[in-house]
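What follows is the residue order along each chain.
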Amino acid sequence: MSNKEYNFTEIEKKWQDFWEGSGLFRVDEDCDKNKFYCLVMFPYPSGTLHVGHGRNYIIGDVVSRYKIMKGFRVLSPIGWDAFGLPAENAAIANGIHPSINTENNIKKMKVQLERWGVGYDWDREVASCEPDYYKWTQWIFLKLFEQNLAYKKKAAVNWCPSCATVLANEQVVNDLCERCDTKVKQRDLEQWFFKISNFAQRLLDDLKTLDGWPERVKTMQANWIGRSEGAKINFKLEETDKTIPCFTTRPDTIFGVTFMSLAPEHPVIRELINGTEHEKSVLEFIDRVRGQSTIERTSEGTEKEGIFTGRYVINPVNSERVPLWVSNYALMGYGTGAVMAVPAHDQRDFEFAKKYNLPIKIVIRPTGNDTMLNHEEMDEAYVEDGVQVNSDRFDGMPNREAIPKIINFFEEKGIGERNINFRLRDWLISRQRYWGAPIPIIYCESCGTVPVPEKDLPVLLPEKVEFKPHGKSPLDDVDEFVNSTCPKCGGSAKRETDTMDTFVDSSWYYLRYISSKDNTQAFDSEDANKWLPVDQYIGGIEHAILHLLYSRFITKVFYDLKLINFDEPFKNLFTQGMIIKDGAKMSKSKGNVVNPDLITEKYGADTQRLYTLFIAPPQRDAEWNDRGVIGSYRFLNKLWNTITSFEEYFKKIPDAGIKPDLFSKETKELYRYINITIKKVTEDIEKSWSFNTAIASVMELLNMVVDFSADLRDKDFNEEAVINDFNVLRHSLETSVKVLAPFVPHISEELWEILGHNPSIFSAPWPTYDEGSIAADQVEMVIQINGKVRSKLVVPSEITEDDLKSLVMDDKKINENLEGKKIVKTIVVPKKLVNLVVR
RNA sequence: GCCGAAGUGGCGGAAUUGGCAGACGCGCUAGCUUCAGGUGCUAGUGUUCGCAAGGAUGUGGGGGUUCGAAUCCCCCCUUCGGCACCA
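Cut-offs and rules
Residues numbered from 1 in each chain as written. Chains lettered and ligands numbered in written order. Predicted model: local features only at pLDDT ≥ 70, side-chain atom pairs only at ≥ 80, totals over all residues. Heavy atoms only, no water. Helix = DSSP H or I, 4+ residues; strand = E, 2+ residues; numbered from the N terminus. Buried < 20%, exposed > 50% of the residue type's maximum accessible area, 1.4 Å probe, protein only. Contact = heavy atoms within 4.5 Å. Areas by Shrake-Rupley, 256 points an atom, 1.4 Å probe, with all protein chains shown as cover. Lys, Arg positive; Asp, Glu negative; His and termini not counted. Charge placed at Lys NZ, Arg CZ, Asp CG, Glu CD. Pairing = 2+ DSSP bridges. Near = heavy atom within 4 Å. Polar contact = N/O pair within 3.5 Å; in protein donor to acceptor, adjacent residues only side chain to side chain. Nonpolar A, V, L, I, M, F, W, Y, C, P; charged D, E, K, R; others polar. Core = buried A, V, L, I, M, F, W, Y, C linked by side-chain atoms within 4.5 Å. Domains from an automatic or database assignment. Axes fitted to C-alpha atoms, helices over the stretch in contact; angles between N-to-C directions. Salt bridge = Lys/Arg side-chain N within 4 Å of Asp/Glu carboxyl O. Left-handed = near helix turned anticlockwise from the far one by under 90°. Phe/Tyr/Trp six-rings, centres within 6.5 Å; stacked < 30°, edge-to-face > 60°. Lys NZ or Arg CZ within 6 Å of the ring centre and 35° of its normal. Expected span 1.5 Å × (residues − 1). Arc of directions from axis to C-beta.

Enquirer: Requested: an account of the overall build of chain A, with residues and values cited.
Expert: What chain A contains, in helices and strands, is 28 helices and 34 strands. Structurally, chain A occupies a C-alpha span of about 110 × 85 × 50 Å along its principal axes. Out of the 839 residues in chain A, the part that is buried amounts to 53%. In chain A, once contacts between residues fewer than 6 apart in sequence are set aside, the share between residues at least 24 apart is 72%. Carbon and sulfur atoms make up 48% of the accessible area of chain A, which amounts to about 38400 Å² in all. Charge separation in chain A, taken as the distance between the mean sites of 106 positive and 125 negative side-chain charges, equals 2 Å.

Structure, rendered in structure tokens:
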């Protein structure tokens, strides 16, 4: 017995170099029907990766390698989501320029990825902070601008009065500035938006076509888009020609309107109160509400407040005078910013009416009894369905039936119409930050807002800037950048100094991989149509809404522009769970990160990969246990030792194939398990990505192989049956190594070579199984009495029911238990059990 | 509040057209090996009663359907995630 040591460090280096040299993961533009685009979400270069990140890349690598063995041409690219706030914060904190910092981090992380043995086509690597990349991000902005899908309007930003700077949402913690704990205020700035709301219906409808997406992600997106059906109703402003439209999902309650609420931002307010006795108090109220943070204003717990404007509107269905209020719970961003308030049937309106002593008018009563609700006795709004009352010609109608009829009535009378509202807001892409792609816009005094011509792209991000935070974008201070000339008239003009949200960068990177080196276009349409949509996208659930929705939106824009022939970017989506340590998500700030380099040093990358996959089903969160790693290491050693201990035999004894007629009972059983294992691993990968159970089944097989091979070396190798046994052993080990190859590629390549094959194992086809050999000759059957196991019998698997019954009746234990009892019923489940029901 | 996912040994987890609960692994216990061990090997390991054979009990809780329920139905509890004054 000559055992080589399992030197994982040497082996892993050897095969990483081999794959790089042989170009296992390099693909050119040509691809046939057998293409497979496997994409992992590109990382933000934060500095170092922890084992939690590893899960994403390891899962992706398993899929890529499995598909390669199944004969697919696999595209597996990688890149860097390299713009973003942390790099800028690091610059403020320790003066390192974001570009240097980012570059260093990418270098470090690239080494880490390579150490894991995860395979990518590095020739296609992209980094979103490089001009070659963000030139095309800017080009996308121009395309949207041309289509009227990019526009500018005033919008609130988080403002820290103490730091005198704009804060990103993630810098606001519980309403306080994360740096100085000052309370954050809202401030209005002119900012750029993408008109994603135009696509709301399509983004919602097309979710139905995404069969390969997790239900919960689709549900989250549907909730985010938030479609609601109802009506828009015009209320006439008393003593004027003006109308104030409002949206409602409950047109059936129109007869119960007792006041109307306007959002404090509603543009009509100022002229309504201009010069009236209410002006001062209303303006004060608006100022106060606007000073509140978003959280304060929009959480359910906040007390409803309002103020009367002194004006009235007219309810178009019954001409009642309805007092017009301004209230903090009406939102300008939803519907029309005006709410027809029905306190009897809406809880918010109810609370408001109680507080300000406004009338409550019941227009729906519960179905099934004649008792009328009494508004004086109500302590909450009646929001359920019921029957119309006090509703003129609609009285007596069930309210659900009344809704369409009432809307028809509005339309006939010209006072309102059917309307659909979405919760989805337009995408605010302006960031008052340095480390992002500059928005390619120039402001000219005579020509106005002018897009930078395509030929002038990229608008380069200047290198020399001051990072001290102050009121505006850092780019504002760079005169050479700001001062420009108008592309239209050639006069002096100023550049836009905001940069784009990093979600813009990441909304199209999967297209750039197709043409990463092309400096004439963002991507080649023909090639993109060949490779996309992405066959498998893998990433964290934290991107379930924004990143995926934005990518879908951009894809639809390109589709409409006929740049691509598909309108959904990701055919299949897999969201892996987080790795938890000490009860919390692994993160630098919590100090619970496990450094993958230490694990790799001690046990090797394959052990780390195996443990990461074995820990739990990949979609579920999993607790990392440092001690658990040893189990995976032991398994790989056991596999290594078993194979290397037979190395000399493999060389000497020719592979004469497998001869079933020479099988002993044990050999037949082992052969059977080899086939069961192939079937199990294949199905686990294909059907449910249950890598943990796939690995467990190979562990079982190896346990069996070790028992089988224990005394094989001492046998007489002149005997045909012994040689046949040896070849079954060889087959079992080759199979184990093959089905493990996607999980632990380095050791698999090495053992494949030791088993006498030429590299690479990834050019060997995925094993197939022999269904016929899986059926067992004999099965153990459970014998129950009244559902409790009383005995077990080993019987031929094709036994007749009569033979089985007589065997059961001969069984000693069964007879003991049957004494003095009568069999009422016998249930036989073939190959499983017999249940005797007795009294 | 609404929507969704989940609850199984000391731990991670297996078992779903209803059919032996706890595969596989960690940990633990005992023994062997070792100068030594965060090594390797062997055996055992849900709980409980019993010297044992064997019995009882057991998948968050309570009901139900069934010969038989972790699995199906009803009610409840807990945890996690998303949305949350969206008219």
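Enquirer: I'd like a rundown of the sheet that holds strand β9 (residues 185–194), residues and numbers included.
Expert: Pairing is antiparallel across the open sheet formed by four strands, whose spatial order is β6-β5-β9-β19. Each edge of the open sheet carries a strand with a single partner, namely β6 (165–167) and β19 (427–428). The pairing of strand β5 (residues 150–160) with β9 spans ten bridges and is classified as antiparallel. Following the sheet pairing, Trp159 is matched in β9 by Lys185.

Enquirer: Explain the protein's contact with RNA strand B to me, using residue names and the numbers behind them.
Expert: Taken together, 56 residues lie around RNA strand B, and Thr298, Lys304, Tyr334, Arg348 and Arg634 are the ones closest in. Sugar and phosphate atoms constitute 61% of the interface atoms of RNA strand B, taking the interface as everything within 4 Å of the protein. Within the side chain of Tyr334, a nitrogen or oxygen atom sits 2.4 Å from a phosphate oxygen of RNA strand B. At 3.5 Å from a phosphate oxygen of RNA strand B is found a side-chain nitrogen or oxygen belonging to Arg620. The element contributing the most residues to the surface near RNA strand B is helix α23 (residues 691–709), with six residues. Taken together, the residues of the surface near RNA strand B sort by class into 20 nonpolar, 16 polar and 20 charged.

Enquirer: Break down unusual backbone geometry for me, citing the residues and quoting the values.
Expert: Residue Leu532 is joined to Pro533 through a cis peptide bond whose omega torsion reads 0 degrees. One can find Pro533 in the loop between α16 (525–531) and β26 (536–540). Ser760 follows Pro759 through a cis peptide bond whose omega is 5 degrees. Secondary-structure assignment places Ser760 in the loop between α25 (745–754) and α26 (771–774). Here Asn148, not a glycine, exhibits a phi torsion of approximately 60 degrees, which is positive. Take Asn148: it is sitting in the loop between α5 (131–146) and β5. You can call Asn148 exposed: its relative accessible area is 61%. You will see that Asn786, though not glycine, has its phi angle at about 50 degrees, which is positive. Mapped onto the elements, Asn786 comes out in the loop between β31 (778–785) and β32 (788–796). With a relative accessible area of 44%, Asn786 lands in the partly exposed category.

Enquirer: Just give me the short version of the nonpolar core, but keep the residues and values in it.
Expert: One broad trend across soluble globular proteins is that nonpolar side chains are buried collectively. Grouped together as the largest cluster of nonpolar side chains are 177 residues, with contacts concentrated most on Tyr37, Leu113, Phe141, Leu511, Leu532, Phe553 and Phe743. Both domains that meet at this core, namely domain 1 (8–142 + 503–585) and domain 3 (627–774), each give it at least three residues. With residues near it in sequence (within four places) discarded, Tyr37 still touches Leu75, Pro77, Tyr510, Tyr513, Ile514, Trp531, Leu532, Val534, Asp535 and Gln536. Counting 54 residues, the second-largest nonpolar core is a separate cluster that includes Cys246, Val322, Val389 and Ala402.

Enquirer: I'd like to hear about the sheet that holds strand β2 (residues 73–75), residue by residue, with values.
Expert: Sheet architecture is open: four strands sit in the order β2-β1-β26-β27, paired in parallel fashion. Each edge of the sheet is formed by a strand with only one pairing partner; in this case those strands are β2 and β27 (573–576). Sheet twist, expressed as the mean angle between neighbouring strand axes with direction ignored, is 20 degrees. Two elements, strand β1 (residues 35–40) and β2, share three bridges in a ladder whose sense is parallel. Each residue of the ladder has a partner; that of Lys35, found in β2, is Arg73. Helix-sheet contacts for helix α2 (residues 51–69) involve β1, β2, β26 and β27, and the interaxial angle to β1 is about 170 degrees.

Enquirer: Any chance you could break down the pattern of salt bridges for me, citing the residues and the numbers?
Expert: All told, the structure shown has 47 salt bridges when counted by the stated rule. Via salt bridges that share partners, Asp206, Arg552, Lys556 and Glu568 belong to a single interconnected network.

Enquirer: Explain the packing of α5 against helix α17 (residues 546–560) to me, and be specific about the residues and the numbers.
Expert: Packing of α5 against α17 leaves a shortest axis separation of 11 Å and a crossing angle of 65 degrees. Note on packing geometry: the crossing formed by α5 with α17 is left-handed. Counted together, Trp139, Ile140 and Leu144 of α5 and Phe553, Ile554, Val557 and Phe558 of α17 form the full contact between these two elements. Its residues assigned to classes, the contact of α5 with α17 shows seven nonpolar, no polar and no charged.

Enquirer: With reference to specific residues and values, describe the packing of aromatic side chains.
Expert: In total, this model carries 55 aromatic pairs according to the counting rule given. The rings of Phe141, Phe145, Trp192, Phe194, Phe199, Trp427, Phe503, Tyr550 and Phe553 are connected pair by pair, giving a single aromatic cluster. Over the ring of Trp19 we find Arg65; its NZ or CZ atom is 4.1 Å from the centre of that ring.

Enquirer: Let's hear about the domain arrangement of chain A: which residues, and what values?
Expert: Quite often, the size of an interface is put as the accessible area lost when its parts meet. Under the domain assignment, chain A is made up of domain 1 (8–142 + 503–585), domain 2 (227–422), domain 3 (627–774) and domain 4 (778–838). The gap between the C-alpha centroids of domain 1 and domain 4 is 59 Å.

Enquirer: Talk me through helix α1 (residues 8–22); I want residue IDs and the actual numbers.
Expert: Structurally, the α-helix is built with 3.6 residues per turn, so residues lying three or four positions apart point the same way. Between its first and last C-alpha atoms α1 spans 21 Å; for 15 residues at 1.5 Å apiece the expected length is 21 Å, and the two agree. Along α1, the residues classified as buried are Phe8, Ile11, Glu12, Trp15, Gln16 and Trp19. With its buried residues spanning 125 degrees around the axis, α1 presents them on a single face. What points out from α1, more than 90 degrees from its buried face, is the exposed set Thr9, Glu10, Lys13 and Gly21. Contacts from the buried residues of α1 go to α2, α4 (98–116), α18 (596–603), α19 (605–614), α20 (629–644) and α25. Positive backbone phi, approximately 65 degrees, marks Gly23, located one or two places after α1.

Enquirer: Could you give an account of α19, with specific residues and numbers?
Expert: Within α19, nine of the ten residues are buried, which leaves it mostly tucked inside the rest of the structure. Residues Ala605, Asp606, Thr607, Gln608, Arg609, Leu610, Tyr611, Thr612 and Leu613 constitute the buried set of α19.

Enquirer: If you had to explain the environment of Ile630 to someone new, which residues and values would you point to?
Expert: Within the secondary structure, Ile630 is located in helix α20. Taking the C-alpha atoms as reference points, Ile630 and Asp684, 54 residues apart in sequence, are found 24 Å from one another.

Enquirer: Any details on the side chain of Ser732? Residues and values, ideally.
Expert: Along the polypeptide, Ser732 turns up in helix α24 (residues 720–740). Taking the relative accessible area as the measure of exposure, Ser732 reaches 0% and is therefore buried. Only 2.6 Å separates the side chain of Ser732 from the backbone oxygen of Leu729, close enough to count as a polar contact. For Ser732, the contacting residues outside a window of four places in its chain are Leu670, Ile674, Leu701 and Val705.

Enquirer: Kindly report on the environment of Lys472, identifying the contributing residues and their values.
Expert: Within the fold, Lys472 resides in the loop between β22 (448–451) and α13 (479–482). Judged by relative accessible area, which is 55%, Lys472 ranks as exposed. The spacing of Lys472 and Val62 is 410 residues in sequence and 46 Å in space, taken between C-alpha atoms.

Enquirer: Which residues make up the environment of Glu753, and what are the values?
Expert: Along the chain, the position of Glu753 falls in helix α25. C-alpha separation for the pair Glu753 and Gly119, spaced 634 residues apart in sequence, amounts to 20 Å. Setting aside residues no more than four positions away along its own chain, Glu753 makes contact with Lys14, Trp15 and Pro759.

Enquirer: Go over the pairing of β22 with me, naming the residues and quoting the values.
Expert: Relative to β22, strand β21 (residues 441–444) runs antiparallel, the two sharing four bridges. Within β22, the residue paired with Ile442 across the bridge is Val450.

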